[in-house]
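# Commentary on secondary and tertiary structure
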Amino acid sequence: GAGVSQSPSNKVTEKGKDVELRCDPISGHTALYWYRQSLGQGLEFLIYFQGNSAPDKSGLPSDRFSAERTGGSVSTLTIQRTQQEDSAVYLCASSLDQRGTSGSHEQYFGPGTRLTVT
Amino acid sequence: GNSVTQMEGPVTLSEEAFLTINCTYTATGYPSLFWYVQYPGEGLQLLLKATKADDKGSNKGFEATYRKETTSFHLEKGSVQVSDSAVYFCALSQAGTALIFGKGTTLSVSS
């Protein structure tokens, strides 16, 4: 079946512009996560959705970052007024409902969006 | 807070050598533990997992045992292949929370 898909695969933007990154999770997966992978910081958690609500936004690095999820499916990560330090690969993952499972369900990752801020 | 520490790379081995990548964790309670692998040019994929103490996860010849007494989840393989060259990430997760990753270990296997 279809895996997690993300678009665009690559995005080059000028400093100060806004960008939107999209994630389509696996059908039926209620949990959705955004991570960021950069050379200096490794893999960092950004935000977690359970259905359409975000019980954990603790990883968002600043108020320039926001995310939403609609219909319990597609999610969009928005970065406003991009900065060069936002350059990274943004990864989305989805899984079955993690609640009450000790976090044991596998997270399936998308291919990522490589963001370059010039 | 929770954290994962894994050995820094790169690790360079000859084909058929024995592999160990060390991973230790800090967490309250009983997290689930994972090894993810990222092959060149590909996305992250789960290699193996263990959800409780003394569980052994295994896949593709790789193994790791959840050791609560030493808070460790070391990855091992008896005989590596060139195709195992990749970046390996140790990670933990607790109920309803995101994965916390180690910094990753790059493995290069030469023939």
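Our subject is the structure listed above.
Just so you know, these numbers come straight off a predicted model, no measurement behind them.

## Focus on the side chain of Thr 13 of chain A
The topology assignment puts Thr 13 of chain A in strand S2 (residues 10-13). Those residues in contact with Thr 13 of chain A that sit more than four places away from it in its chain are Val 19, Thr 82, Leu 115, Thr 116, Val 117 and Thr 118 of chain A.

## Notes on the interface of chain B and chain A
Counting residues at the interface gives 19 residues for chain B, matched by 17 residues for chain A. A buried area of about 1,500 Å², summed over both sides, lies between chain B and chain A, and 56% of it is on carbon and sulfur atoms. Linking chain B with chain A are zero salt bridges. Applying the counting rule to chain B against chain A returns three residue pairs in polar contact (both at pLDDT 80 or more). Elements that contribute at least two residues to the side of chain B that touches chain A include exactly strand S5 (32-38), strand S6 (44-50) and strand S10 (86-93) of chain B. Considering each element in turn, the side of chain B that touches chain A owes the most residues, four residues, to S5 of chain B. A breakdown of the residues in the side of chain B that touches chain A according to their chemical character gives 10 nonpolar, seven polar and two charged.

## A short note on the state of the cysteines
In total, this model carries two disulfides over all chains according to the counting rule given. The disulfide partner of Cys 23 of chain A is Cys 92 of chain A, and the S-S distance across this bridge is 1.8 Å. Taking the torsion about the sulfur-sulfur bond, which here is approximately -65°, the covalent link between Cys 23 of chain A and Cys 92 of chain A counts as left-handed. One end of the pair, Cys 23 of chain A, is in strand S3 (residues 19-24); the other, Cys 92 of chain A, is in strand S9 (residues 88-95), and 69 residues separate them in sequence. Assigned by exposure class, Cys 23 of chain A and Cys 92 of chain A land together as buried. Disulfide pairing places Cys 23 of chain B opposite Cys 90 of chain B at an S-S distance of 1.9 Å. For the disulfide bridge between Cys 23 of chain B and Cys 90 of chain B, the dihedral angle about the S-S bond is near -70°, and by the sign convention the bridge is left-handed.

## Let's talk about the packing of aromatic side chains
One pass over the structure, following the stated rule, counts 12 aromatic pairs over all chains. Seen from their ring centres, Tyr 33 of chain A and Tyr 35 of chain A are 6.2 Å apart, and the 25° between their planes marks the pair as stacked. In this pair, the class of Tyr 33 of chain A matches that of Tyr 35 of chain A, namely buried. With a centroid separation of 6.1 Å and 40° between ring planes, the pair formed by Phe 34 of chain B and Tyr 36 of chain B is classed as tilted. Tyr 36 of chain B carries the same exposure label as Phe 34 of chain B, and that label is buried. A connected cluster of aromatic rings, assembled from ring pairs, spans Tyr 33, Tyr 35, Phe 45, Tyr 48 and Phe 109 of chain A together with Phe 34, Tyr 36, Phe 89 and Phe 101 of chain B.

## Overview of the nonpolar core
Grouped burial of nonpolar side chains is what soluble globular proteins tend to show. Residue and element names in this part refer to chain B. In terms of nonpolar packing, the biggest core is built from 26 residues, with Leu 19, Trp 35, Leu 47, Leu 48, Phe 73, Leu 75 and Tyr 88 touching the most fellow members. At the level of elements, strand S2 (11-14), strand S3 (19-21), strand S4 (23-26), S5, S6, strand S8 (62-65), S10 and strand S12 (105-110) are the ones that each hand at least two residues to this core. Leaving out residues up to four positions away in the same chain, Leu 19 has contacts with Val 11, Leu 13, Phe 62, Leu 75, Glu 76, Lys 77, Val 80 and Leu 107.

## Quick look at the pattern of salt bridges
Where charged atoms from two side chains of opposite charge come close, those side chains can pair. Residue and element names in this part refer to chain A. According to the stated counting rule, one finds six salt bridges over all chains in the structure shown. Across the salt bridge formed by Arg 64 and Asp 86, the nearest N and O atoms sit 2.8 Å from each other. Of this pair, Arg 64 sits in the loop between strand S6 (53-56) and strand S7 (65-69) while Asp 86 sits in the loop between strand S8 (75-79) and S9; the two residues are 22 residues apart in sequence, bridging distant segments of the chain. What makes Arg 64 buried here is its relative accessible area of 12%. Note on Asp 86: relative accessible area 2%, which makes it buried.

Parameters and conventions
- What you see as residue numbers is a count from 1 along each chain, following the sequence as written.
- Chain labels run from A onward and ligand labels from 1 onward, assigned in the order the entries are written.
- Owing to the predicted nature of the model, reporting of local features is limited to residues with pLDDT of at least 70; listing and counting of side-chain atom pairs is limited to 80 or more, with chain, interface and lining totals taken over all residues.
- The side-chain values count all of the structure's non-hydrogen atoms but skip hydrogen atoms and water molecules.
- Numbering goes from the N terminus for both helices and strands, where a helix is a DSSP run of H or I of at least four residues and a strand is a run of E of at least two.
- The contact criterion used throughout is that any non-hydrogen atoms of two residues lie within 4.5 Å.
- Buried area is calculated as the accessible area (1.4 Å probe) missing from two parts once they are joined, with the contributions of both summed.
- When a carboxyl oxygen of Asp or Glu lies within 4 Å of a side-chain nitrogen of Lys or Arg, that pair is called a salt bridge.
- Any pair of nitrogen or oxygen atoms within 3.5 Å is treated as a polar contact; in protein, a donor-acceptor pairing is required on top of that, and neighbouring residues in sequence qualify only through side-chain atoms on both sides.
- Each residue is assigned to one of three groups, with Ala, Val, Leu, Ile, Met, Phe, Trp, Tyr, Cys and Pro labelled nonpolar, Asp, Glu, Lys and Arg labelled charged, and all others, Gly among them, labelled polar.
- Disulfide: a pair of cysteine sulfur atoms within 2.5 Å of each other.
- Each residue is assigned to one of three classes by its accessible area relative to the maximum for its type, calculated with a 1.4 Å probe on protein chains only: buried under 20%, partly exposed between the two thresholds, exposed over 50%.
- Stacked, tilted and edge-to-face pairs are distinguished by plane angle, under 30 degrees for stacked and over 60 for edge-to-face with tilted covering the rest, among Phe, Tyr and Trp rings (Trp via its six-membered ring) whose centres lie within 6.5 Å.
- Here, nonpolar core means buried Ala, Val, Leu, Ile, Met, Phe, Trp, Tyr and Cys residues that are tied together by side-chain atoms lying within 4.5 Å of each other.

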